[in-house]
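Single-letter residue listing:
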Amino acid sequence: PLSEVIDSYEYRKAIQYLSKRNIGKDLIHKYNIGYCEDGDYYHRIIFPSYDIHKDINYFLGRSYESYTKLKYKNPDIPKTEIIFNDGKVSWDSNVYIVEGVFDHIVVPNSIPMLGKVISDDLFTKLVNNAECKVIILLDSDAYTDAIKLYKRLNSGKLRNRVLIIKLPNGYDISDINQRLGKEGVLKILSTAKILKESLL
């Protein structure tokens, strides 16, 4: 765990990488972010995922070396079989749907799809469990995907409780955090809106 300070080159490289992305000790502690000194996940930040029983059910390994060809190295199980950090979701509050793990850790009460398409399990869980609003916050290059997801979710139990956020071109929410910090993220979150039927 990166919360335990170690005087090593790899530890310093991992902390330096997260610092450049404006990820500090508060988020490192909250999400129990770690790293590897050696082995298959050497040179990688580790993001664990916790299920509803608080057990680790998955993790993501992100390289902090600029020369690597493989940015992410993950376990050999389909990402669609898990809901990342399911155990950390408060279903009685607004839930944000984001793309990646770096988006997830800077947006409160969010669930990363780990891609641009929602899994059937996550879709079903949102429909059955979400008690407040579901807010879609995908990268700027995935706004078309975000609208498709909006249309799919905005029916049945979730009708009129689905909102969407459009990011500035060329940005994802982790970029906003990196450049503008928490205040910038909160400002973006405040722009969530319901789409008019005529725009769909």
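No experiment lies behind these values; they were computed from the predicted model shown.

This paragraph deals with the side chain of Ser 119. With respect to the secondary-structure elements, Ser 119 resides in the loop between strand E6 (110-112) and helix H4 (120-129). Accessibility expressed as a relative area gives 13% for Ser 119, which makes it buried. A polar contact of 3.1 Å, which involves the side chain of Ser 119, links it to the backbone nitrogen of Leu 122.

So, about H4. Where H4 is concerned, the buried positions are Leu 122, Phe 123, Lys 125 and Leu 126. Buried residues of H4 fall within an arc of 165° about the axis and therefore sit on the same side. Where H4 is buried, its residues touch strand E5 (95-98), E6, strand E7 (134-136) and helix H5 (143-153).

What follows deals with the environment of Ser 90. You can see Ser 90 is positioned in the loop between strand E4 (72-73) and E5. With residues near it in sequence (within four places) discarded, Ser 90 still touches Val 95 and Asn 109.

The next thing to look at is the sheet that holds strand E3 (residues 56-63). Strand pairs in the sheet, formed through backbone hydrogen bonds, run parallel or antiparallel to each other. The 4 strands lie next to each other as E1-E2-E3-E4, forming an open sheet whose pairing is antiparallel. Looking along the sheet, the strands with just one partner apiece sit at the ends: strand E1 (34-35) and E4. The sheet contact formed by E1 and strand E2 (residues 44-50) spans 2 bridges and is antiparallel. The residue of E2 that forms the bridge with Gly 34 is Ile 46.

It is worth spelling out unusual backbone geometry at this point. Phi is positive for Leu 114, which is not a glycine, with a value near 60°. You can see Leu 114 is positioned in the loop between E6 and H4. The backbone of Asn 160 sits at a positive phi, close to 70°, despite the residue not being glycine. Tracing the chain through its elements places Asn 160 in the loop between H5 and strand E8 (162-164).

So, how was this worked out
- Residues numbered from 1 in each chain as written.
- Predicted model: local features only at pLDDT ≥ 70, side-chain atom pairs only at ≥ 80, totals over all residues.
- Heavy atoms only, no water.
- Helix = DSSP H or I, 4+ residues; strand = E, 2+ residues; numbered from the N terminus.
- Buried < 20%, exposed > 50% of the residue type's maximum accessible area, 1.4 Å probe, protein only.
- Polar contact = N/O pair within 3.5 Å; in protein donor to acceptor, adjacent residues only side chain to side chain.
- Arc of directions from axis to C-beta.
- Contact = heavy atoms within 4.5 Å.
- Pairing = 2+ DSSP bridges.

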